[in-house]
Amino acid sequence: MHPAQAPALFVTGAAAGIGRAVAERFAAQGWFVGLWDIDEAGVLAVQRGLGGAATVAGRLDVTQPEDWDAALRRFTDAAGGRLDVLLNNAGIAVTSPFEAADLARHHRLIDINLKGVVNGCHAAALYLRRTPGSRVINMCSASALYGQPELASYSATKAAVRSLTEALDIEWQRHGVRVVDVLPLFVNTAMVADEVSRMKTVQTLGVRLGPEDVAEAVWRLANMAAARMPVHTHVGWQTKLFALLSKLSPSFMNRVVTARMAGY
Ligand SMILES: NC(=O)c1ccc[n+]([C@@H]2O[C@H](COP(=O)([O-])OP(=O)(O)OC[C@H]3O[C@@H](n4cnc5c(N)ncnc54)[C@H](O)[C@@H]3O)[C@@H](O)[C@H]2O)c1
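### Description of the site of the ligand
So, point 1. The local shell around the ligand holds 30 residues, among which Asp37, Asn89, Tyr154, Val187 and Thr189 are the closest.
So, point 2. The contact in question runs from an oxygen atom of the ligand to an N or O atom on the side chain of tyrosine 154, over 2.6 Å.
So, point 3. A distance of 2.5 Å separates an oxygen atom of the ligand from a polar atom in the side chain of threonine 189.
So, point 4. Burial of the ligand by the protein chains amounts to 92% of its free accessible area of 830 Å².

### Topic: the pattern of salt bridges
As a working rule, side chains carrying opposite charge can pair if their charged atoms are close by.
So, point 1. What the rule picks out here adds up to 11 salt bridges.
So, point 2. A salt bridge links arginine 25 to glutamate 216; its shortest N-O distance comes to 2.2 Å. Pair noted here: arginine 25 is in helix α1 (residues 17-28) and glutamate 216 is in helix α8 (residues 211-223), with a separation of 191 residues, a long-range link.
So, point 3. When its relative accessible area of 28% is taken as the criterion, glutamate 216 is described as partly exposed.
So, point 4. Arginine 178 is paired through a salt bridge with aspartate 169; the nearest N and O atoms lie 2.9 Å apart.
So, point 5. Residue classification places aspartate 169 among the buried positions, given a relative accessible area of 10%.
So, point 6. Via salt bridges that share partners, Arg25, Glu216 and Arg220 belong to a single interconnected network.

### Comments concerning empty space enclosed by the protein
So, point 1. If you walk through the whole model with that rule in mind, you get 1 cavity of 30 Å³ or more.
So, point 2. When its volume is computed, the largest cavity comes out at roughly 30 Å³.
So, point 3. With 3 residues, the top contributor of residues to the lining of the largest cavity is helix α4 (residues 103-130).
So, point 4. Partitioned by chemical class, the residues of the lining of the largest cavity number 5 nonpolar, 4 polar and no charged.

### Considerations on the nonpolar core
So, point 1. Leu9, Phe26, Val33 and Leu35 are the most contacted members of the largest nonpolar core, which has 35 residues in total.
So, point 2. Of all the elements, α8 adds the most residues to this core, at 7 residues.
So, point 3. Residues contacting leucine 9, with those up to four places away along its chain left out, are Val22, Phe26, Trp31, Phe32, Val33, Gly34, Phe75, Val85 and Leu87.
So, point 4. If you look at the next biggest cluster of nonpolar residues, it comprises 30 residues, including Ala8, Phe32, Leu60 and Trp68.

### Brief notes about the side chain of serine 141
So, point 1. Inspection of the secondary structure puts serine 141 in the loop between β5 (135-139) and α5 (152-171).
So, point 2. Taking the relative accessible area as the measure of exposure, serine 141 reaches 7% and is therefore buried.
So, point 3. Separated by 2.8 Å, the side chains of serine 141 and serine 143 make a polar contact.
So, point 4. In this structure serine 141 touches Tyr154, Lys158, Val182, Leu183 and Pro184, once residues within four positions along its chain are discounted.

### As for the packing of helix α3 (residues 65-78) against α4
So, point 1. Running from N to C, α3 and α4 cross one another at 40°; their axes reach a closest spacing of 10 Å. Overall, the two elements α3 and α4 adopt an arrangement that is oblique. Crossing hand, α3 versus α4: right-handed. Contacts between α3 and α4 involve Pro65, Trp68, Asp69, Leu72, Arg73 and Thr76 from the first element and Gly116, Asn119, Gly120, Ala123, Ala124 and Tyr127 from the second.

Conventions adopted
Residues numbered from 1 in each chain as written. Predicted model: local features only at pLDDT ≥ 70, side-chain atom pairs only at ≥ 80, totals over all residues. Heavy atoms only, no water. Near = heavy atom within 4 Å. Polar contact = N/O pair within 3.5 Å; in protein donor to acceptor, adjacent residues only side chain to side chain. Areas by Shrake-Rupley, 256 points an atom, 1.4 Å probe, with all protein chains shown as cover. Salt bridge = Lys/Arg side-chain N within 4 Å of Asp/Glu carboxyl O. Helix = DSSP H or I, 4+ residues; strand = E, 2+ residues; numbered from the N terminus. Buried < 20%, exposed > 50% of the residue type's maximum accessible area, 1.4 Å probe, protein only. 1 Å grid on protein atoms, 1.4 Å probe; cavity = no way out; pocket = protein on both sides within 12 Å on 5 of 7 lines; lining within 4 Å. Points joined across faces, edges and corners; volume = space filled by probe spheres on them. Nonpolar A, V, L, I, M, F, W, Y, C, P; charged D, E, K, R; others polar. Core = buried A, V, L, I, M, F, W, Y, C linked by side-chain atoms within 4.5 Å. Contact = heavy atoms within 4.5 Å. Axes fitted to C-alpha atoms, helices over the stretch in contact; angles between N-to-C directions. Parallel < 35°, antiparallel > 145°, perpendicular 65-115°, else oblique. Left-handed = near helix turned anticlockwise from the far one by under 90°.

Written out as C-alpha cells, the structure is:
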C-alpha cells in the first residue's frame, strides 16, 4: 500500500538492469514504486526482493497503449492518484551490421525504444498534470550524440527520444511538468553482455558504469528543484567528455572519431 504523502515513481523495464537499480534505490528511500516490465515473472521477483517496501508491480509491454492505460490506473489507484516521476526506461538493442539483422528486429526496437516512450508520455500526461512538480525522465543514451555504426537503429531511436524530450519539456511547461533525459555510455547490464558487447567500441572504451551509477543520476533528478533540472544529464566522465567534444568539434571530426572507435 501507498504510505500517505510518499512520492510515487513509475518505472518501465524494472525487471533487470538500470530499471531494477532505480526501483531498488527509490524503494529504499521510502518512495512508492510501480515496477513494470514485459517480463512479469522477473518484475514480480524484484518486487518480492523489496520485501515490505510500498510497491505495485505487473506486466506492461510498452508497445501496447492499452497496457499503459491499465498499469497507470492500477498504479495511481494505489498511489493516491499521484504520479511524481515517470521513468521511461524499457529498451532493447540490436547490435549488427544494419542489413544483416532482420527488418522485424529493427521494427521491434523502434516500437519499444521510441514508440514505447511516446505511448508512455501520452498515457501518463493526465496523471502528470494532476501531480504538482511531476517529471518525466527518459532513458536516452550517449549514442544519441552521434549515430553509432552497428547500432544504427538503436542510436536513431535514442536521438529521437532526445528530441521528443526537448520538445515536450517546452510544451508541458504550461502544465508545470518537466521532461528530461539521462544519457549514459555503456552500463554493465544484460543488454551490454548479451548484445552491445559485440561492438568494437565497447572494447575501445570499456564498460565503466554500473546500473547504480545511472540510478544515482535518476535519483538526483527526481529530487532536484524542477527549475534547476538540466534537460540532458550525461552520466559518467566519458559521456560528459564526448558530449563536450561533439559540441565543439566540426561534424567531420565527430565522424572520424566515431568510426575509429568502432573499428571502421
Ligand atoms: N546498458 C547500457 O549500456 C545502456 C546505455 C545507455 C542507455 N541504456 C538504456 O537503458 C535502458 C535500460 O537498459 P538496461 O541496460 O538496463 O537493459 P536490460 O536488458 O538489463 O533491461 C531492460 C528491461 O526492459 C525490459 N523490456 C524489454 N522490452 C520491453 C517492453 N516491450 N515492455 C516493457 N519492458 C520491456 C526487459 O524485460 C528488461 O527487464 C534502455 O532504454 C537502454 O537503451 C542502456
